[in-house]
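# An overview of the molecular structure
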Amino acid sequence: MWKLRVKQLIIPTIILLAILAVTPVNNSPPQEPVNKILYPRIGCPALVIQGGTFKSNILLPEDAKLESASLSSEIGSITLEIIDEQKLPNGTRVLTLKVPPNSEPALYSLELKASKAESTLYFKEPNSVAVIKEFKEEFTVIVFTDLHWGIMPIHDATRKNFENFILQANFLRPDFIISCGDNIDATDNEETFQLFTEEVSKLIIPTFFATGNNDDYAEEAAGLYTKYIAPLDYVLNYGNYTFIFLHADTGYIGSKRLKWLEETLAKATNYTMRILVEHYPYWEPGDLLEKDAKELDRIVREYNVQLVLTGHIHKDQVKIQDGTRLQVTAALGKGSTPYFGYRIFTFSNGTLKPWYNDKPIPINGIQIVFLNRNDGKAYASIAKLTNNLEIPVNGTLRLRIRDKGVEPIIEGGTVVKTYRHGGKLIIDLSITLNPGESKTVKAYYEKDEKPPKVTVKAPSKTTKGASFTITIEAVDDEWGVSKVKLFYSTDNKSWVEAPVKLKGEKYIVTLNISQPIFYYVEVEDAAGNKAVSQVKTIAVETPEKTPEQKPTETIKEKPTLTVTIIAIIALVAVIAVLAILKLKK
């Protein structure tokens, strides 16, 4: 009888200890989109021909009434015609929306307005609808992967790479862009996704995102990928070409997704080309589950997928397997071989033409530097472009200036198109750069001979060892501010330049000093005019020592629930051990 009781006691004790040793993981289900619009999305936009229609799915309350639909961008707005509206049992509204025949081809944000009782509901999904003239027989696609974007100091170089990529992509004007995953460095920080979508919104080219294992981390933790960027799996049909975006989790696809892929390809046999976009190079052993890799390989072969676009290994690689091009593109962020870069492909009559002698374009291959902020608030915009590639480059640069109602002076490029909207004049310039060539491009109304204005706000004194900030307001209404520098010195003779960061409309400097300093600010506008502030000082005080406090009497607290549970477990464990020892006797 005692032996039976001991066994009955030991087993539950071991199970209880095991349960309490496990850290629970919050595998939240995918969240609904932050803007309530299920499709189209910033990372999965709709492509619609002028005068054509497209579907939009939105989550609306049952008693809400859809009032209007429109498209908006920096070049203008378009009112959409609501052709049809269907209510699904799960609360989704399926809309059929028509674009007017004379709509300007561009990338737009979708805006929907609805009413409920006495309130008005507004919904907006940025960069989610691209109006095009036609599905071209020959079109160009930029492919990038493994950006690993983030907001920590370790991501500074990555963010800079993406800024440069956005400038280059907007200049090269492909028909669309594809990402092969790992867009975000693994995080469950929602602010990272909010700021990333703000960056993506600077692209004027429709961009289609696939997921990577780092994106999946955020999706599993908090559903952030589907909330802010795109669905996990979807299909893009461009004319006679079909691009299938497949989610591969953290190396596991699973039978359900593989079945979906096979069924999708079975319906796509009439397309000129079938392209698979997926993060893992499944032909490389180790990262993708072996049985999934074998099944994926079978499906690609059986359904004659002509191109597979992947990433993950941060190394540019091309393999040809039974007529299928297996492509890994060099990473855009973090370590990459042979260098940071992206690919450009031209599709024509069912064939693929890689750019740049079938090599990735280095991220510093085309340099575009604006001498002011190019945000349409100044009366001029000036940029310097340099072609470091071995081939000529043709592109279209977008300049933004304040609209005076007259035509500006243009230098360095040929005007392709101008738009007047929201008090801004937007100018698209055609530019050709030969290998090694640099050009300065300008749009302005008149020469700027006025220096900028500068205001500096800083503390008169600080505590030794404590960080403090200096705020600089630099304004130039003519050609705009180009450079802001702060110099400081301990002897008023030798000067050191401090890092300056733009935050909103102001410039910020953070310092930590141990002795008094002198400082001044120098501001230069895009025309070369300079303004210099007065030299001022910041004193340093030594922090007062905190007086030693007498030790206070320790008050014994009542045991917490956790401590009580641990004590009980320990007691049960001791009883179990003693019982075992007794049995052995």
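Structure: above.
Notes on the structure in this doc start here. Remember, it's a predicted structure, so these values are computed and weren't measured experimentally. (Residues numbered from 1 in each chain as written. Predicted model: local features only at pLDDT ≥ 70, side-chain atom pairs only at ≥ 80, totals over all residues. Heavy atoms only, no water.)

So, on to the overall build of the chain. The helix and strand inventory of the chain stands at eight helices and 38 strands. The burial tally for the chain puts 47% of its 585 residues in the buried class. Of all intrachain contacts in the chain linking residues separated by at least 6 positions in sequence, the fraction that spans at least 24 positions is 68%. Of the accessible surface of the chain, which amounts to about 29900 Å², a share of 52% is contributed by carbon and sulfur atoms. (Helix = DSSP H or I, 4+ residues; strand = E, 2+ residues; numbered from the N terminus. Buried < 20%, exposed > 50% of the residue type's maximum accessible area, 1.4 Å probe, protein only. Contact = heavy atoms within 4.5 Å. Areas by Shrake-Rupley, 256 points an atom, 1.4 Å probe, with all protein chains shown as cover.)

Moving on to the pattern of salt bridges. The final tally for this structure, using the stated rule, is 37 salt bridges. Ionic pairing is found between E74 and R398, a salt bridge with its closest N-O pair at 2.9 Å. Residue E74 is found in the loop between β4 (65-73) and β5 (76-79), and its partner R398 is found in strand β24 (residues 393-402); the two are separated by 324 residues along the sequence. The exposure class assigned to E74 is partly exposed, which follows from its relative accessible area of 27%. We note a salt bridge from K417 to E104, for which the minimum N-O separation is 3.8 Å. (Salt bridge = Lys/Arg side-chain N within 4 Å of Asp/Glu carboxyl O.)

The subject of this paragraph is unusual backbone geometry. The residue after Y39, namely P40, is reached through a cis peptide bond having omega 0°. Along the chain, P40 falls in the loop between β1 (37-39) and β2 (46-49). In this model, T337 is joined to P338 through a cis peptide bond whose omega is 5°. The phi angle at K334 is positive, at roughly 60°, despite the residue not being glycine. Tracing the chain through its elements places K334 in the loop between β18 (324-328) and β19 (341-348). Taking relative accessible area as the criterion, K334 reaches 39% and is therefore assigned partly exposed.

Attention now moves to the sheet that holds strand β35 (residues 506-512). If you trace the four strands from one edge of the open sheet to the other, you get β29-β31-β35-β34, paired in antiparallel fashion. The strands lining the two open edges of the sheet, one partner per strand, are β29 (453-457) and β34 (501-503). Strand-to-strand, the axes of this sheet are offset by a mean angle of 30°, without reference to chain direction. Across three bridges, the pairing between β34 and β35 is antiparallel. Pairing of K501 across the sheet is with I508, part of β35. (Pairing = 2+ DSSP bridges. Axes fitted to C-alpha atoms, helices over the stretch in contact; angles between N-to-C directions.)

Now for the packing of helix α2 (residues 156-172) against helix α3 (residues 190-200). Direction vectors running N to C along α2 and α3 enclose 25°, while the axes themselves pass 10 Å from each other. Classified by the interaxial angle, the pair formed by α2 and α3 is roughly parallel. Here F162, E163 and I166 of α2 lie close against α3, whose contacting residues are F196, E199 and V200. Taken together, the residues of the contact of α2 with α3 break down into four nonpolar, no polar and two charged. (Parallel < 35°, antiparallel > 145°, perpendicular 65-115°, else oblique. Nonpolar A, V, L, I, M, F, W, Y, C, P; charged D, E, K, R; others polar.)

All right, on to helix α6 (residues 255-266) then. Between its first and last C-alpha atoms α6 spans 16 Å; for 12 residues at 1.5 Å apiece the expected length is 16 Å, and the two agree. Buried residues belonging to α6 abut β13 (234-238), β14 (241-245), β15 (273-277) and α7 (290-302). (Expected span 1.5 Å × (residues − 1).)

Most of strand β23 (residues 380-387) is tucked away, with seven of its eight residues classed as buried. Pairing analysis gives five bridges linking strand β22 (residues 366-370) to β23, with the strands arranged antiparallel. Looking at the pairing, I366 lines up with N387 of β23. Bridging between β23 and strand β28 (residues 438-444) involves seven bridges; their strand directions are antiparallel. Across the sheet, the residue bridging to K384 is T440, located in β28.

Read these as spatial facts, not as claims about activity.
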